[in-house]
Amino acid sequence: MKISRFAFYDISSQADNVKTFEGKVYNVHGPWAIDRNGAAERLSKIYYRIRTVKNKHFRTIAKRKNPMSELKSVR
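Conventions used here
Residues numbered from 1 in each chain as written. Predicted model: local features only at pLDDT ≥ 70, side-chain atom pairs only at ≥ 80, totals over all residues. Heavy atoms only, no water. Salt bridge = Lys/Arg side-chain N within 4 Å of Asp/Glu carboxyl O. Helix = DSSP H or I, 4+ residues; strand = E, 2+ residues; numbered from the N terminus. Buried < 20%, exposed > 50% of the residue type's maximum accessible area, 1.4 Å probe, protein only. Phe/Tyr/Trp six-rings, centres within 6.5 Å; stacked < 30°, edge-to-face > 60°. Lys NZ or Arg CZ within 6 Å of the ring centre and 35° of its normal. Pairing = 2+ DSSP bridges.

Caption draft 1: A look at the pattern of salt bridges. In the structure shown here, the tally under the stated rule is four salt bridges. Ionic pairing is found between Lys24 and Asp35, a salt bridge with its closest N-O pair at 3.5 Å. Pair noted here: Lys24 is in the loop between strand E1 (17-20) and strand E2 (25-29) and Asp35 is in strand E3 (residues 32-35), with a separation of eleven residues, a long-range link. A residue is classified by how much of its surface remains accessible, and Lys24, at 35% relative accessible area, is partly exposed. In this structure, Glu41 engages Lys45 in a salt bridge whose closest nitrogen and oxygen atoms are separated by 3.5 Å. Under the relative-accessibility criterion, Glu41 is labelled buried at 18%. Under the relative-accessibility criterion, Lys45 is labelled exposed at 59%.

As structure tokens, then:
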């Protein structure tokens with residue numbers, strides 16, 4: 001399994017939803033992250049709080065162990 005850095009633009013092009021360290025889940029629509037209540041935030045604003053990134057098949061495609069580590073691809 002090749003592990004590499006998962007960049008910001010990879011999220012907007014490949015991700016369907018992301019989960020933060022606080023436990024909030026956002027759906028990804030281009031550069032926007034929309035939470036369950038419909039509130040939109042810029043993906044760039046929550047990038048460093050993202051813990052897990054999932055694709056449209058609900059497979060984990062990237063994750064980080066703690067807020068200080070890099071987001072790593074898990075494909």
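On we go.
Caption draft 2: Quick peek at the packing of aromatic side chains. One pass over the full model with this rule turns up two aromatic pairs. Consider the rings of Phe8 and Tyr47, whose centres lie 5.9 Å apart with planes at 80 degrees: the pair is edge-to-face. Taken as a pair, Phe8 in helix H1 (residues 8-14) and Tyr47 in the loop between helix H2 (43-46) and strand E5 (50-54) lie far apart in primary sequence, 39 residues in all. Judged by relative accessible area, which is 34%, Phe8 ranks as partly exposed. Residue classification places Tyr47 among the buried positions, given a relative accessible area of 6%. Following the ring pairs from residue to residue traces out a cluster consisting of Phe8, Tyr47 and Tyr48. Lying over the aromatic face of Trp32, Arg42 brings its terminal NZ or CZ to 4.7 Å of the ring centre. Here the basic side chain of Arg64 rests over the ring of Tyr47, its NZ or CZ set 5.3 Å away from the ring centre.

Caption draft 3: Up close: the sheet that holds E1. Taken together, seven strands build an open sheet; the order of strands is E4-E3-E2-E1-E5-E6-E7 and the sheet is antiparallel. Of all strands in the sheet, those bounded by a partner on one side alone are strand E4 (40-42) and strand E7 (72-73). In this sheet, E3 lies alongside E2 in antiparallel orientation, the contact comprising four bridges. If you follow Tyr26 over to E3, its bridge partner there is Asp35.

Caption draft 4: Looking closely at unusual backbone geometry. Positive phi, normally seen in glycine, also occurs at Phe58, with a value near 65 degrees. Tracing the backbone through its elements, the reader meets Phe58 in the loop between E5 and strand E6 (60-63). Since its relative accessible area comes to 58%, Phe58 is described here as exposed.

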